[in-house]
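# Inside the fold
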Amino acid sequence: MGNMIDSREASEALAEINEMTRRVRQSRIYNLASLMLIMWGALVFAGYLGSFLLPRQAGYFWAALNVAGVAGSFVISAFGYRKTGIRTFDFRMLSAFVLFFAFGFLCTTVLGHFTPRRMSTFWPIYFMLFYLLAGLWFGYAFVGIGLGITALTLIGYFFIGEAFPLWMAFVNGGGLILGGLWMRRI
């Protein structure tokens, strides 16, 4: 009965299978998330650049870019679903986005009456909270991106003057793009 494996060998084999399954799952999540990060990063970069160049029209830029981002998220999800069978953006995710934006709008506009500078600080930090939380379940790359963008946003808020929207284009928009590219390599 030389073909029988003992319980230690079986445990090791199962542990290897579980680790491989975890890595494949994380790889799929990172692949789809990287596409979302790159797309949202480009939109955020454009929003902050528009805010810097035409500050009076900033609200219109952001409204249009957020609608484009949600539409792009649906497209990426549909493309990803055909390849992986994993739906990343569905009705529940759309509902989460609506609730997320509604809560942020309530905090910044109704309760807080934020200045444009404070608004430009609040939103990335608010978004990064969810990256940090996602990192607890889906991988530490989300934590690194969230902490990095939050720290640089706060540095900019306290130390960068009138060029703050330009700073944020590179920190938030560029940070999301770089984070997406980094996730593709992990």
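Residues numbered from 1 in each chain as written. Predicted model: local features only at pLDDT ≥ 70, side-chain atom pairs only at ≥ 80, totals over all residues. Heavy atoms only, no water.

## Comments concerning the overall build of the protein
Short version of the rule: Think of it this way: any DSSP run of H or I at least four residues long counts as a helix, any run of E at least two long counts as a strand, and we number them from the N terminus. In this setup the radius of gyration rests on C-alpha atoms only. A globule is expected at 2.2 Å times the number of residues raised to 0.38. Contact between two residues is taken to exist if any of their heavy atoms lie within 4.5 Å; hydrogens are not considered. Note that accessible areas follow from Shrake-Rupley with a 1.4 Å probe, and for residues the cover is restricted to the protein chains shown. Residues counted as positive are Lys and Arg, residues counted as negative are Asp and Glu, and His and the chain ends are not counted. Taken as the charge location is NZ of Lys, CZ of Arg, CG of Asp or CD of Glu.
Helix and strand counts for the protein stand at six helices and zero strands. Going residue by residue from the N terminus, the α and β elements of the protein occur as α-α-α-α-α-α. In terms of overall size, the protein is more extended than a compact globule, its C-alpha atoms giving a radius of gyration of 20 Å where 186 residues would be expected to give roughly 16 Å. Counting only C-alpha atoms, the protein reaches 80 × 35 × 30 Å along its principal axes. Summarising the internal contacts of the protein: among those between residues at least 6 apart in sequence, 64% fall at separations of at least 24. In the structure as shown, the protein presents an accessible area of about 11700 Å², 71% of it carried by carbon and sulfur atoms. Of the side-chain charges in the protein, 14 are positive and 7 negative, and the distance between the mean point of each set is 17 Å.

## Looking at helix α4 (residues 116-138)
Defined as follows: A helix is expected to span 1.5 Å for every residue after the first. Only protein chains enter the accessibility calculation, which uses a 1.4 Å probe; a residue whose area is less than 20% of its type maximum is buried, one above 50% is exposed, and one in between is partly exposed.
In this model, α4 (23 residues) spans 33 Å end to end at C-alpha, consistent with the 33 Å of a helix rising 1.5 Å per residue. Within α4, burial applies to S120, T121, F122, W123, P124, Y126, M128, Y131, A134 and G135. Positioned one or two residues after α4, G139 has a phi angle of 135°, which is positive.

## A short note on a nonpolar patch on the surface
Under the convention used in this document: Every patch collects residues that have over 30% relative accessible area and no salt bridge, joining them within 9 Å if they carry like charges and within 5 Å if they are nonpolar side chains (Val, Leu, Ile, Met, Phe, Trp, Tyr). Here, a salt bridge means any Lys or Arg side-chain nitrogen found within 4 Å of an Asp or Glu carboxyl oxygen.
On the surface, a cluster of nonpolar side chains totalling about 630 Å² of accessible area is made up of L129, F130, L133, L136, W137 and F138. Structurally, L133 can be placed in helix α4. For L133, a relative accessible area of 36% gives the class partly exposed.

## Brief notes about the side chain of S51
Take S51: it is sitting in helix α1 (residues 7-53). Relative accessible area serves as the criterion here: at 11%, S51 is assigned to the buried category.

## Focus: the packing of helix α3 (residues 91-111) against α4
We apply this condition: Axis lines are fitted to C-alpha atoms, over the contacting stretch for helices. Their N-to-C directions set the angle, which ranges from 0 to 180 degrees. Two helices cross in a left-handed way if the nearer one is turned anticlockwise from the farther one by less than a right angle. They cross in a right-handed way if the turn is clockwise. Each residue gets one label: Ala, Val, Leu, Ile, Met, Phe, Trp, Tyr, Cys and Pro are nonpolar, Asp, Glu, Lys and Arg are charged, and the others, such as Gly, are polar.
With their axes 11 Å apart at the nearest point, α3 and α4 run at an angle of 145° to one another. In this structure, α3 meets α4 at a crossing whose hand is right-handed. Contact with α3, carried on its side by F100, F101, F103, G104, F105, C107, T108 and T109, involves M119, F122, W123, Y126, F127 and F130 of α4 and no other residues of that element. Split into classes, the residues belonging to the contact of α3 with α4 amount to eleven nonpolar, three polar and no charged.

## Focus: α3
It helps to recall that an α-helix has 3.6 residues per turn; residues three or four apart then point in one direction. Between its first and last C-alpha atoms α3 spans 28 Å; for 21 residues at 1.5 Å apiece the expected length is 30 Å, and the two agree. Here α3 has its buried residues at F97, F100, F101, G104, C107 and T108. Count one or two residues on from α3 and you reach H113, which has phi positive near 50°.

## Describing the nonpolar core
Selection rule: Take the buried residues of types Ala, Val, Leu, Ile, Met, Phe, Trp, Tyr and Cys, join any two whose side-chain atoms come within 4.5 Å, and each joined set is a nonpolar core.
Ranked by internal contacts, the top residues of the largest apolar core, which has 18 residues, are L37, M128, Y131, F142, I145, L176 and M183. Every element with two or more residues in this core is listed here: α1, α4, α5 (140-159) and α6 (164-185). With six residues, α6 is the single largest residue contributor to this core. Other than its neighbours up to four places away in sequence, L176 contacts L37, I38, W40, G41, V44, M128, Y131, I145 and I149. Counting residues in hydrophobic clusters, the runner-up holds 15 residues, among them L65, V70, F101 and Y126.

## Brief notes about the confidence of the model for the protein
Stated formally: Scored from 0 to 100, pLDDT records how confident the predictor is in each individual residue.
Of the residues in the protein, 91% have a pLDDT of 70 or more, and the chain-wide mean is 87. Mean pLDDT across the elements of the protein ranges from a minimum in α1, with 82, to a maximum in α5, with 95.

## Things to note about the packing of aromatic side chains
So the rule is basically this: By convention, a stacked pair of Phe, Tyr or Trp rings (six-membered ring in the case of Trp) has centres within 6.5 Å and planes under 30 degrees apart, an edge-to-face pair has planes over 60 apart, and any other such pair is tilted.
Counted according to the given criterion, the structure contains 21 aromatic pairs. With centroids separated by 5.4 Å and ring planes inclined at 80°, the aromatic side chains of F122 and W123 adopt a geometry described as edge-to-face. Of the two residues, F122 and W123, neither departs from the other in class, the shared state being buried. Pairing Y157 with F164 gives two aromatic rings, centres 6.5 Å apart and planes at 75°, and the pair type is edge-to-face. Residue F164 is classed as buried on the basis of its relative accessible area of 2%. Among the aromatic residues, those joined into a cluster by ring pairs are W40, F97, F100, F101, F103, F114, F122, W123, Y126, F127 and F130.

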